Each structure stands twice: as structure tokens, then as C-alpha cells.
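As a plain string of letters, each chain reads:
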Amino acid sequence: MSQWQQDWAYQKYWVMAHSQQHYNAIRQLARHNDWSAAKQERYQQLLAEAEQITPTKATLTTAYQHVWGYFKKRCTLAEKQRYLNLLTNLTPAHDQLGPFLWQLTVKYEVAYLLASRLLRAFDQHENQR
């Protein structure tokens, strides 16, 4: 996997949580896997713009539903119920779903999500460094 692909894997759900438009623009840049210096510059610009956008309930919901896809077939019934409850009550100011999804990521050892910017923000060990 090339460097830009690794970085996009790290950034993907975080960008989605901030702006669907920026997520779609970056996906268009990444089409056909023909990366260039100009695309890298545009990519960095889009990331900087996304950084300035506050997540909304809708954008967080979309990102978290994508993340949930990694667990929906392996989680317990209690975990599914908790997910649905937290999703229903999700607000950007009171986000308990992100930390719960991080706990599931660690429990089920989902490598792709362990390296995700969106969820790593909820890693207490990471935040204490």
C-alpha cells in the first residue's frame, strides 16, 4: 500500500465525520490509484478544510454506521442494543458512541479501525501521552 493510501485509510472515517462533501472529493482524487503531486496538494487542502468543519449529528451518524459494519455480524445482542441506543441519543456535544465503538475495536481487534484517526481519538492511552 502506498503512503497516500495508508494516510487515506487513517483519515477516511474522520473526514466522513466532518464533511461528506470533502469525503467524496477525496474519493474522486483517489480514483484509479494514479496519485500525483497535484493530487497530494489538493488532498492536504481538503483535509485542512475538513478540520475547520464541526461534525454534525448526520455526519457522525454516517461515519459511525460505516464503522459499525465491522461489528454487526460479530457483536453480542447486548452490544447491538447499546449501539442502537447510543446512536439514537447521539449528539456532537454528547458523543458516547465513538468511545463505545473504540471499545469494540479493541475488543474485536479490528486492525483497520485500530489505525483510524476517528476512533484513535477515544484511545485513553493515546490521549495520555
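Residues numbered from 1 in each chain as written. Predicted model: local features only at pLDDT ≥ 70, side-chain atom pairs only at ≥ 80, totals over all residues. Heavy atoms only, no water.

Before going further, it helps to spend a moment on the packing of helix 1 (residues 3-18) against helix 2 (residues 20-30). The geometry of helix 1 relative to helix 2 is characterised by a closest axis approach of 8 Å and an angle of 155° between their N-to-C directions. If you check the angle between helix 1 and helix 2, you find them roughly antiparallel. The two elements helix 1 and helix 2 meet at a crossing, and its hand is left-handed. Between helix 1 and helix 2, the residues in contact are Trp4, Trp8, Lys12, Val15, Met16 and His18 and Gln20, His22, Tyr23, Ile26, Arg27 and Ala30, respectively. (Axes fitted to C-alpha atoms, helices over the stretch in contact; angles between N-to-C directions. Helix = DSSP H or I, 4+ residues; strand = E, 2+ residues; numbered from the N terminus. Parallel < 35°, antiparallel > 145°, perpendicular 65-115°, else oblique. Left-handed = near helix turned anticlockwise from the far one by under 90°. Contact = heavy atoms within 4.5 Å.)

What follows concerns the domain arrangement of the protein chain. Looking at the assigned domains, one finds that the protein chain contains domain 1 (1-50) and domain 2 (55-119). For domain 1 and domain 2, the distance between their C-alpha centres works out to 22 Å. At the junction of the two partners, domain 1 supplies 11 residues and domain 2 supplies 15 residues. The largest per-residue losses of area from domain 1 upon contact with domain 2 belong to Tyr10, Tyr13 and Ala17, which jointly make up 50% of the total buried on that side. Across the contact surface, domain 1 and domain 2 share 5 residue pairs in polar contact (both at pLDDT 80 or more). The greatest single-element share of the side of domain 1 that touches domain 2, amounting to 9 residues, is contributed by helix 1. Taken together, the residues that form the side of domain 1 that touches domain 2 break down as 6 nonpolar, 4 polar and 1 charged. (Domains from an automatic or database assignment. Buried area = accessible area lost by both parts, 1.4 Å probe. Polar contact = N/O pair within 3.5 Å; in protein donor to acceptor, adjacent residues only side chain to side chain. Nonpolar A, V, L, I, M, F, W, Y, C, P; charged D, E, K, R; others polar.)

Using the criterion set out here, one finds 10 aromatic pairs in the structure. Ring geometry for tyrosine 13 against tyrosine 70: centres 6.5 Å apart, planes inclined by 85°, an arrangement best described as edge-to-face. With a gap of 57 residues between them, tyrosine 13 in helix 1 and tyrosine 70 in the loop between helix 4 (57-68) and helix 5 (77-88) connect regions that are remote in the sequence. Look at tyrosine 70 and you get partly exposed, because its relative accessible area is 28%. Chaining the aromatic ring pairs together yields one cluster made of Trp4, Trp8, Tyr23, Trp35 and Tyr43. Above the face of the tryptophan 14 ring, arginine 117 is positioned so that its terminal group lies 3.7 Å from the ring centre. (Phe/Tyr/Trp six-rings, centres within 6.5 Å; stacked < 30°, edge-to-face > 60°. Buried < 20%, exposed > 50% of the residue type's maximum accessible area, 1.4 Å probe, protein only. Lys NZ or Arg CZ within 6 Å of the ring centre and 35° of its normal.)

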